[in-house]
Amino acid sequence: MKTAYVGVYETWADWEIGHLLVELRTGRFTGEQWTIVTVGETREPVTTMGGLRIVPDKVLAEVEPEDGDLLVLAGSAQWDEGGGDAFAKLAQRFLDAGVPVAAICGATAGLARAGLLDDRKHTSAVREYLLATGYQGGDNYVDERAVVDGDLITAGPDSPVQFARAALQRLGLASDVKLDAYEGVFHRGDPSAYPALVG
């Protein structure tokens, strides 16, 4: 069974990666179940933005990229306060090892500060949000809901469905037809797309 490591920290934005985690864990539309492993800086519980209490399964020092198949980083207040360096370093290790990293919203700012977006196509909330970090990747900013460049998947805060779609596509877990149906059902609320999703 493949493994997705998920960074967890105070004010973690629950909704941003919920679609992706559900599809990975259940395999309900992909036919492949993944193990979800939460990773914290310590084993102390963290509280999400929605008020859920999460006790990390592992600490950063216990995570090796070769033991996983994906790293997922959601937004949180820490990224906008200049924090999250330890998770950005973990993302660097994953990318260096050729293991995909999926970052959404504030996590893209953390990766920008770490220089991980300078030479990769990416997106976020808006270009100006990332420019405020002082990063050098402005020319690689793409004004799309979600962007995949090699092993890096990025999205803005208003695109959790597109984020999930992009990650599932990068991981080769569903056909384009099924992914179109997935986005149709969960983003556009189009019930006519459902048969293609479950078929």
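Source: prediction; values computed, not measured.

Attention shifts here to the environment of V37. Inspection of the secondary structure assignment puts V37 in strand β2 (residues 35–40). Separated by 90 residues in the primary sequence, V37 and R127 have C-alpha atoms spaced 31 Å apart. Other than its neighbours up to four places away in sequence, V37 contacts T3, A4, Y5, V6, D57 and K58.

On to the layout of surface pockets. Of the pockets and cavities examined, the largest pocket occupies roughly 180 Å³. Lining the largest pocket, in full, are V6, V8, W12, D14, I17, G18, L21, R25, I36, T38, L52 and I54.

Now for the pairing of β2. Across a regular strand the side chains alternate sides, sitting on one face of the sheet and then on the other. Where strand β1 (residues 3–7) and β2 come together, 5 bridges link them in parallel fashion. Bridge pairing in β2 links G7 to V39. Each parallel crossover has a hand, and for β1 linked through helix α1 (residues 14–26) to β2 it is right-handed. One ladder, built from 2 bridges, connects β2 with strand β5 (residues 58–59); its direction is parallel. By the bridge assignment, V39 is partnered in β5 with K58.

With that settled, consider α1. With 13 residues, α1 extends 17 Å from end C-alpha to end C-alpha; this agrees with the ideal 18 Å at 1.5 Å per step. Maximum bend of α1: about 30°, positioned at L20. Among the residues of α1, D14, E16, I17, L20, L21, E23 and L24 are the ones counted as buried. In this structure, the buried side of α1 is in contact with β1, β2, β6 (70–73), β7 (101–104), α6 (160–170) and α7 (176–186). Downstream of α1 by one or two residues, G27 has phi in the positive range, about 65°.

Cut-off values and rules
- Residues numbered from 1 in each chain as written.
- Predicted model: local features only at pLDDT ≥ 70, side-chain atom pairs only at ≥ 80, totals over all residues.
- Heavy atoms only, no water.
- Helix = DSSP H or I, 4+ residues; strand = E, 2+ residues; numbered from the N terminus.
- Contact = heavy atoms within 4.5 Å.
- 1 Å grid on protein atoms, 1.4 Å probe; cavity = no way out; pocket = protein on both sides within 12 Å on 5 of 7 lines; lining within 4 Å.
- Points joined across faces, edges and corners; volume = space filled by probe spheres on them.
- Pairing = 2+ DSSP bridges.
- Right-handed = clockwise from strand over helix to strand, strands pointing away.
- Expected span 1.5 Å × (residues − 1).
- Bend = angle between axes of the 7 residues up to and from the residue.
- Buried < 20%, exposed > 50% of the residue type's maximum accessible area, 1.4 Å probe, protein only.

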